Amino acid sequence: MKCVCDTKPRILEVAIALFSNRGYNGVSMRDVAGEVGISPPALYNHFDSKETLYREAVMAAFEKKSARLIAALSECDEHLQCLRQFLEVLTAGIQDDLHFHRLMQRELLDADAGRLAFLESSIFGKVRQPLMALLEKLKPGCDVLLLSEMIFCMAGQHYSVRPARAHQEQAEERSAAAVVELVLQILTPYFEVGQ
């Protein structure tokens, strides 16, 4: 018999996969319960609503990721090396957890104001603020918000187009290290101009 203490983490794991594949509006509490192998009333013993389940699942999925990203930004002396470490953690995280990456893409496309406000305050902002502080050190006076958004996009785009890659001539997936190197090759000259 499965320990009840194992149920909640399993629910959160299943919820992230379902939300990423179907979107928030495409998932019901009954769907999650069915995938976990519990009854809907048992699911409601853990989460009183789909919104609560969604928020806890996203937070659980991002908690360790954000800690690693923030640590990468602060565990070095040289600014460009901090950016490299950040990109290494970011691209490896995207490559290793496509459910979470897909979920974030879906949320941006769905544009639900309440969920986006939650994501900004609970997730994106916690990582973006220290990244923007680093970018200001690398390129004083630059538009750090726009640059941070562009960095996230460059790091994730290769993985975003994964489904279409099967129809491309050079269909092999690049490693996270290859993505990091190319992003840094693009950014480094920008940081050096005017210094």
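Everything numeric here is computed off the predicted structure, so don't read it as measured data.

**A short note on the state of the cysteines**
Right, on to step 1. Applying the stated criterion to the full structure yields 1 disulfide.
Right, on to step 2. Bridging cysteine 76 to cysteine 82, the disulfide has an S-S length of 1.9 Å. Accessibility assignment for this pair places cysteine 76 and cysteine 82 in one class, buried.
Right, on to step 3. Left unpaired, cysteine 142 is separated from the closest cysteine sulfur, that of cysteine 82, by 15 Å.
Right, on to step 4. Accessibility expressed as a relative area gives 14% for cysteine 142, which makes it buried.
Right, on to step 5. Sulfur of cysteine 153: no disulfide; nearest cysteine sulfur belongs to cysteine 142 and is 16 Å away.

**Some words on unusual backbone geometry**
Right, on to step 1. Its identity is not glycine, yet alanine 111 carries a phi of approximately 55°, on the positive side.
Right, on to step 2. Positionally, alanine 111 belongs in the loop between helix 6 (98–110) and helix 7 (113–138).

**Concerning the side chain of glutamate 107**
Right, on to step 1. Position of glutamate 107 relative to the elements: it lies in helix 6.
Right, on to step 2. We classify glutamate 107 as buried; its relative accessible area is 1%.
Right, on to step 3. Setting aside residues no more than four positions away along its own chain, glutamate 107 makes contact with Tyr24, Tyr54, Asp112, Arg115, Leu116 and Leu119.

**What to know about the packing of aromatic side chains**
For any pair of aromatic rings, the description rests on two quantities: the centre-to-centre distance and the angle between the ring planes.
Right, on to step 1. Going through the model one piece at a time under the given rule, you end up with 6 aromatic pairs.
Right, on to step 2. Seen from their ring centres, phenylalanine 19 and tyrosine 24 are 5.7 Å apart, and the 15° between their planes marks the pair as stacked.
Right, on to step 3. Judged by relative accessible area, which is 10%, tyrosine 24 ranks as buried.
Right, on to step 4. Between phenylalanine 19 and tyrosine 54, the ring centres sit 5.4 Å apart and the planes meet at 80°, which makes this aromatic pair edge-to-face. One end of the pair, phenylalanine 19, is in helix 1 (residues 7–22); the other, tyrosine 54, is in helix 4 (residues 50–74), and 35 residues separate them in sequence.
Right, on to step 5. Take phenylalanine 19: its relative accessible area is 0%, and that puts it in the buried class.
Right, on to step 6. Overall, tyrosine 54 belongs to the buried group, its relative accessible area being 0%.

Procedures and definitions
- Residues numbered from 1 in each chain as written.
- Predicted model: local features only at pLDDT ≥ 70, side-chain atom pairs only at ≥ 80, totals over all residues.
- Heavy atoms only, no water.
- Disulfide = S-S within 2.5 Å.
- Buried < 20%, exposed > 50% of the residue type's maximum accessible area, 1.4 Å probe, protein only.
- Helix = DSSP H or I, 4+ residues; strand = E, 2+ residues; numbered from the N terminus.
- Contact = heavy atoms within 4.5 Å.
- Phe/Tyr/Trp six-rings, centres within 6.5 Å; stacked < 30°, edge-to-face > 60°.

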